[in-house]
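Results of the structural survey
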Amino acid sequence: MSRDDLAFAASIISEARHLIALTGAGISKESNVPTFRGKDGLWRKHNVMDLATPSAFARNPQLVWEWYSWRQDLIAKCTPNPAHHTLVKWEKKGILKSLISQNVDGLHRRAGSGNVLEVHGNLWAVKCTSCTHLGRLSDPAQGIPECPSCGANLRPDVVWFGERLNPVVMQNVREELERADTIIVIGTSALVQPAATFPLIVKQRGGKLLEVNIEQTPLTRTVDAHLRGKAGELLLKLDKLIGI
Ligand code: NAD
Ligand code: ZN
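Residues numbered from 1 in each chain as written. Chains lettered and ligands numbered in written order. Predicted model: local features only at pLDDT ≥ 70, side-chain atom pairs only at ≥ 80, totals over all residues. Heavy atoms only, no water.

1. Points about the overall build of the protein
Quick note on the threshold: A run of H or I in DSSP counts as a helix once it spans at least four residues, and a run of E counts as a strand once it spans at least two, with each numbered from the N terminus. The atom set for the radius of gyration is the C-alpha atoms, and the globule formula is 2.2 Å times the number of residues raised to the power 0.38. Every residue pair with non-hydrogen atoms within 4.5 Å of one another is taken to be in contact. In this description, accessible areas are obtained by the Shrake-Rupley approach with a 1.4 Å probe, and a residue is regarded as covered only by the protein chains that are shown. Residues scored as charged are limited to Lys and Arg (positive) and Asp and Glu (negative), so that His and the chain ends carry no count. Working definition for charges: the position is that of NZ of Lys, CZ of Arg, CG of Asp or CD of Glu.
Summing up its helical and strand segments, the protein has eight helices and nine strands in all. Taken over the C-alpha trace, the protein has a radius of gyration of 19 Å; the compact-globule value for 244 residues is 18 Å, and the two agree within 12%. Taking the principal axes of its C-alpha atoms as reference, the protein extends roughly 55 × 35 × 30 Å. Summarising the internal contacts of the protein: among those between residues at least 6 apart in sequence, 66% fall at separations of at least 24. Counting only carbon and sulfur atoms, one obtains 50% of the accessible surface of the protein, whose full area is about 12,100 Å². Between the averaged position of the 30 positive side-chain charges in the protein and that of its 24 negative side-chain charges there is a distance of 1 Å.

2. Re the domain arrangement of the protein
Put simply, the rule is: Segmentation of the chain into domains, including their bounds, is taken from an automatic or database domain assignment. For any pair of parts, buried area is found by adding up, for both, the accessible area (1.4 Å probe) each one loses once the two are put together. N or O atoms closer than or at 3.5 Å make up a polar contact, with two conditions inside protein: a donor-capable atom paired with an acceptor-capable one, and, for residues adjacent in sequence, both atoms drawn from side chains. In this classification, the charged set is Asp, Glu, Lys and Arg, the nonpolar set is Ala, Val, Leu, Ile, Met, Phe, Trp, Tyr, Cys and Pro, and all remaining amino acids, among them Gly, are polar.
Each domain of the protein was delimited in the assignment, giving domain 1 (1-32 + 80-120 + 165-244) and domain 2 (34-77 + 121-158). Computed from C-alpha coordinates alone, the two centres of domain 1 and domain 2 are separated by 28 Å. With 11 residues of domain 1 in contact, the opposing surface of domain 2 contributes 11 residues. Both faces combined, the contact of domain 1 with domain 2 buries some 750 Å², and carbon together with sulfur accounts for 44% of it. Along the contact surface separating domain 1 from domain 2 lie four residue pairs in polar contact (both at pLDDT 80 or more). Split into classes, the residues belonging to the side of domain 1 that touches domain 2 amount to two nonpolar, four polar and five charged.

3. Topic: the pattern of salt bridges
Quick reminder of the rule: We define a salt bridge as a contact between a side-chain nitrogen of Lys or Arg and a carboxyl oxygen of Asp or Glu at a distance within 4 Å. Only protein chains enter the accessibility calculation, which uses a 1.4 Å probe; a residue is then buried when its area is under 20% of its type maximum, exposed when over 50%, and partly exposed in between.
For the structure shown, the criterion picks out 10 salt bridges. A salt bridge links Lys127 to Asp157; its shortest N-O distance comes to 3.7 Å. Note that Lys127 is positioned in strand E4 (residues 121-128) and Asp157 in strand E6 (residues 154-158), a separation of 30 residues in sequence. Exposure remark for Lys127: the relative accessible area of 28% places this residue in the partly exposed category. Here Glu163 and Arg155 are joined by a salt bridge, their closest N and O atoms 2.7 Å apart.

4. Observations regarding the packing of aromatic side chains
The condition is simple: Here the aromatic set is Phe, Tyr and Trp, taking the six-membered ring for Trp, and pairing holds for ring centres within 6.5 Å; pairs whose planes are under 30 degrees apart are stacked, those over 60 apart are edge-to-face, and all others are tilted.
Tallied over the full model, the rule gives four aromatic pairs. Look at Trp65 and Tyr68: their rings are 6.5 Å apart centre to centre, the planes differ by 70 degrees, and that puts the pair in the edge-to-face class. Of the two residues, Trp65 and Tyr68 are both situated in helix H3 (residues 61-76); the distance of three residues between them amounts to about one turn of the helix. One exposure class covers both Trp65 and Tyr68, and it is buried.

5. Re the sheet that holds strand E8 (residues 208-213)
Here is the rule we go by: Strand pairing is assigned whenever DSSP detects at least two bridges linking the two strands. Comment: axis = line fitted to C-alpha atoms, over the contacting stretch for helices; angle = value between 0 and 180 degrees taken between N-to-C directions.
Strand order in the open sheet formed by six strands is E3-E2-E1-E7-E8-E9, with parallel pairing between adjacent strands. The strands lining the two open edges of the sheet, one partner per strand, are strand E3 (116-118) and strand E9 (225-228). Sheet twist, expressed as the average angle between the axes of neighbouring strands with direction ignored, equals 15 degrees. One ladder, built from five bridges, connects strand E7 (residues 182-186) with E8; its direction is parallel. What sits directly across from Ile183, in E8, is Leu209. Helix H4 (residues 82-92) rests against strand E1 (19-23), strand E2 (96-101) and E7 of the sheet, and its axis sits at about 145 degrees to E2.

6. Re the coordination of the zinc ion (ligand 2)
Ideal geometry at a metal centre: 109.5 degrees between donors when four sit tetrahedrally, and 90 or 180 degrees when six sit octahedrally. How we decide: Only nitrogen, oxygen and sulfur atoms within 2.8 Å of the metal, or 3.2 Å for Na, K and Ca, are treated as donors, and water is left out, so sites may look incomplete. Irregular is the label for any site that misses the other tests, which are tetrahedral for four donors with all angles between 85 and 135 degrees, and square planar for four donors or octahedral for six when opposite donors exceed 155 degrees and the remaining angles lie between 65 and 115.
Taken together, Cys128 (SG), Cys131 (SG), Cys147 (SG) and Cys150 (SG) make up the protein donors of the zinc ion (ligand 2), found 2.2 to 2.3 Å from the metal. If you look at the zinc ion (ligand 2), its four donor atoms make angles of 101 to 118 degrees with each other, and the shape they trace is tetrahedral. Considered as a linear motif, the donors of the zinc ion (ligand 2) on their single chain read C-x2-C-x15-C-x2-C. Of the two residues, Cys128 sits in strand E4 while Cys150 sits in the loop between strand E5 (134-136) and E6, which places them 22 residues apart along the sequence. On the accessibility criterion, Cys128 (8% relative accessible area) is buried. Since its relative accessible area comes to 41%, Cys150 is described here as partly exposed.

7. Some remarks on helix H6 (residues 167-179)
Heads up, the rule is: One less than the residue count of a helix, multiplied by 1.5 Å, gives the span that helix is expected to have.
In this model H6 runs 18 Å from its N-terminal to its C-terminal C-alpha over 13 residues, within 8% of the 18 Å that 1.5 Å per residue would give. In this structure, the buried residues of H6 make contact with E1, E2, E3, E7 and helix H7 (198-204). Regarding H6, its N-cap is Asn166, as a side-chain oxygen of that residue lies 2.8 Å from the backbone nitrogen of Val168 further along.

Dropping the structure here:
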């Protein structure tokens, strides 16, 4: 990638009237957020798919909570990286209007981003399996947390395999995709639906599409600028060129 590509991408960002971002697991790579699927993972004896479904939770809530508690503990030790921080700065300066993330690690909020739409939920969020209670844990779960309103089991408020995405979050996402004239897509393989189609919705309406990734994705051939490299490094470079 040449300096010209970066300068071109920076000019698109500077000219945007309504810039939004879409982020995936790649933006958290430089924060060392684990993928939980590595061969050395503590959970190698279990199939991750069997831990992240409503039926798995109904069968063995204790086991599912042990897995989430382990993940919460790992995430608590990770910190936001320059890519997260740059997006916070752009939001504060009024350049970035909102941020759609597929990540459940909560690092955007921890970095200080305000307008975050977490389409797959958040590892620290909980909801009651019986009433409408919604809450948030501040420490990794101990055992099976109970609902403070009705005493039923709480479950992680993340979207499990086979579940619908949160309709309120999705309505907000649709509205942002309608408003956006530019979208920057950072660290997503663009394979997981429906997030993979979000950039195309902006593009089809005549908007601009930027991609930051260490490799090509199915989106790459439709983008206005593809920036190849690590999110943290590239966002710092873009920020410098934008000069705010
Ligand atoms: P993905 O794992 O499918 O793709 C990650 C992408 O990031 C890849 O295209 C890769 O080339 C790119 N990448 C890796 N390191 C990068 C870096 N330093 N800078 C820029 N790009 C980099 O992730 P996805 O597209 O988010 O979809 C996977 C699903 O898994 C999502 O549903 C997500 O919710 C879930 N997930 C979340 C987390 C998290 O919360 N941090 C972690 C793993 C998986
Ligand atoms: Zn309840």
